[in-house]
Each structure stands twice: as structure tokens, then as C-alpha cells.
Amino acid sequence: MRCEKCGKTIDNNSKFCEFCGEKITKKISLQTPSPEAVFREEEASAENPEARHEIFIGFVWVVIGVVITWGSYSLASDGGTYFVFWGLIVYGVYKIIKGAYHLFS
Ligand SMILES: [Zn+2]
């Protein structure tokens, strides 16, 4: 290491500079995580919010499917055909199951 006062190279473990007598203070820098480590951590923690997001989207689809089905059912209550949006509901349930699988696996 280098003395901050006189700039001469001194032993790393010196407490005082052997040339000018300057007290050597060691800088303790907190170890900051490397970008790679941060990225890895983000990747790991991003897994659960993504699964929760998927479950949320699944619920939205199920609700939309049920609402449209109920809406068309009430429109056809005095006779006629009504539509059951199984596609939306099944897709929503599929999303929920997929999200839950990611969340608990
Ligand atoms: Zn010095």
C-alpha cells in the first residue's frame, strides 16, 4: 500500500508510515455485491412475483369469463341462446394452476 501523506510504498500491515510516521488508517469498504450477483438475486426473486402475476391474470380471465357468461345468460333469460365462455375460464384456471405450480415448486 501507499502512504497517503508521503506517497511511499509501505507494508500493508504497517500501522505507521516508516518514512514519515503518518498514522495509517485502513479503509474498510463494505463489500458491494457484483452486478452479476445482483442480477442473479433479481432473477431468483423475480420468480415468485411472476407466478403471482400469472395467478392474478388467471383470476382476471376467470372473472371476465364468468361475467360475460352471466351477462349473456341474463340477456337470454327470456329465451334464446346464451354463451358460456369456457375458453376464458379454462384459460384462467390454467394460468392459476401454472402460477401456483411455479409458486410452490
Ligand atoms: Zn509516509
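Computed from a prediction, not measured in an experiment: that's the story for all the values here. (Residues numbered from 1 in each chain as written. Predicted model: local features only at pLDDT ≥ 70, side-chain atom pairs only at ≥ 80, totals over all residues.)

**Student:** Even after reading the chapter, I still don't get the overall build of the protein, so can you show me in this structure?
**Tutor:** On a plain count of helices and strands, the protein comes out with three helices and zero strands. With 105 residues in all, the protein has 10% of them scored as buried. Within the protein, contacts between residues separated by at least 24 positions form 45% of all contacts whose residues are at least 6 apart in sequence. (Helix = DSSP H or I, 4+ residues; strand = E, 2+ residues; numbered from the N terminus. Buried ≥ 20, exposed ≤ 12 C-beta atoms within 10 Å, placed from the backbone. Contact = placed C-beta atoms within 7 Å.)

**Student:** Could you clarify how one ought to interpret the confidence of the model for the protein in this entry?
**Tutor:** If pLDDT is low for a region, its predicted coordinates should not be looked at in detail. Scored by pLDDT, the protein has a mean of 78; 73% of the residues are at 70 or more. Element-level pLDDT for the protein is lowest in helix 1 (residues 35–45), with a mean of 56, against a maximum mean of 86 in helix 3 (residues 86–104). (pLDDT = per-residue confidence, 0-100.)

**Student:** Explain the environment of Gly7 here, please?
**Tutor:** Examined against the element boundaries, Gly7 turns out to sit in the segment before helix 1. Each C-alpha atom, one on Gly7 and one on Cys17, is 9.7 Å from the other, the two residues being 10 residues apart in sequence.

**Student:** Teacher, can you tell me more about helix 3 here?
**Tutor:** Because each turn of an α-helix spans 3.6 residues, side chains separated by three or four positions end up pointing in the same direction. Look at helix 3: 26 Å from first C-alpha to last across 19 residues, which is about the 27 Å you get at 1.5 Å a residue. Residues of helix 3 that are buried include every one of Gly92, Lys95 and Gly99, and no others. Along the axis of helix 3, the buried residues cluster in a sector spanning 60°; they form a single face. Exposed side chains of helix 3 directed beyond 90 degrees from the buried face belong to Trp86, Gly87, Tyr101 and Phe104. (Expected span 1.5 Å × (residues − 1). Arc of directions from axis to C-beta.)

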